[in-house]
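# Coordinate inspection notes
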Amino acid sequence: MDFSFFSSVRIATIPAFGTIMETVIQRELLERVKMQLASFLEDPQYHDQHSLHMEIIKTFGRVGPNAEPKFRDEFVLPNLHKLANSNNQQAIDTKRLDIAIQLFEAYSALSCCFISEELMVNHFLPGLKCLRIDMEHLSPEHEVILSSMIKECELKVENRTVQEPQSSMSIAASLVSEDTKTRFLNKMGQLSTSGAMLANVFQRKK
């Protein structure tokens, strides 16, 4: 059997790992899932496995908002940042755009979660900025909303005070102004991908 067969088998296991991430709170089992996914992300033999990385990012976006918070904070967000950073180095534009769109959808979904200032500064914002670099070159329509997201997140970091440590305010609650939403959704009507998904993100209330 060739490597592509085994690669397909691995890809097929990722949604199942995602279901565990979404529904299980036992630390031991989550650690096993983390170790397996980390091997897919870090082992050099999987470095060029485009479809594998696509499925991992898609799974992070699907289950991340409902995953156990510590698992999301310690594993999902840092690895999305790494994937966004590495995608800046992708020389093949079609593959770069594929990953960028999946990252865009994952970050949009995860923006509904509470994200600590430390994670915002160290992983969420840097990941968005890496993604913006891709979209500036490959999809200006996506870059519009990314710039708005980055600006709003930076403002929230600046405005947080020590009097608000218990705030459960989500990053997405007031992430984008109504004017920005309207302009962006009009633009998204011209895109061939992700339009319906993004409209649902703006309507989501967590």
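We now turn to the structure provided with this report.

Thresholds applied
- Residues numbered from 1 in each chain as written.
- Predicted model: local features only at pLDDT ≥ 70, side-chain atom pairs only at ≥ 80, totals over all residues.
- Heavy atoms only, no water.
- Core = buried A, V, L, I, M, F, W, Y, C linked by side-chain atoms within 4.5 Å.
- Buried < 20%, exposed > 50% of the residue type's maximum accessible area, 1.4 Å probe, protein only.
- Helix = DSSP H or I, 4+ residues; strand = E, 2+ residues; numbered from the N terminus.
- Contact = heavy atoms within 4.5 Å.
- Expected span 1.5 Å × (residues − 1).
- Bend = angle between axes of the 7 residues up to and from the residue.
- Salt bridge = Lys/Arg side-chain N within 4 Å of Asp/Glu carboxyl O.

## Examining the nonpolar core
In terms of nonpolar packing, the biggest core is built from 49 residues, with Phe60, Leu80, Leu103 and Phe124 touching the most fellow members. Looking at this core, the elements with two or more residues in it are α1 (3-23), α2 (27-42), α3 (50-63), α4 (69-87), α5 (93-110), α6 (117-138) and α7 (140-159). In this structure, phenylalanine 124 is in contact with Leu77, Tyr107, Leu110, Ser111, Ile115, Leu119 and Cys153, ignoring residues within four places of it in sequence.

## Quick look at α6
With 22 residues, α6 should reach 32 Å at 1.5 Å per residue; the first-to-last C-alpha distance of 30 Å fits that figure. Maximal helix bending in α6 amounts to about 30°, located at phenylalanine 124; proline proline 126 follows within four positions. Taken residue by residue, α6 has Leu119, Met120, Phe124, Leu125, Gly127, Leu128, Cys130, Leu131, Asp134 and Met135 as its buried positions. Taken together, the buried residues of α6 touch α4, α5 and α7.

## Things to note about the pattern of salt bridges
Counted according to the given criterion, the structure contains seven salt bridges. Residue glutamate 31 pairs with lysine 34 through a salt bridge whose shortest N-O separation is 3.2 Å. Here glutamate 31 and its partner lysine 34 are both found in helix α2, three residues apart, which amounts to about one turn of the helix. Residue classification places lysine 34 among the buried residues on the basis of a relative accessible area of 17%.

By themselves, these figures tell us nothing about what the structure is for.
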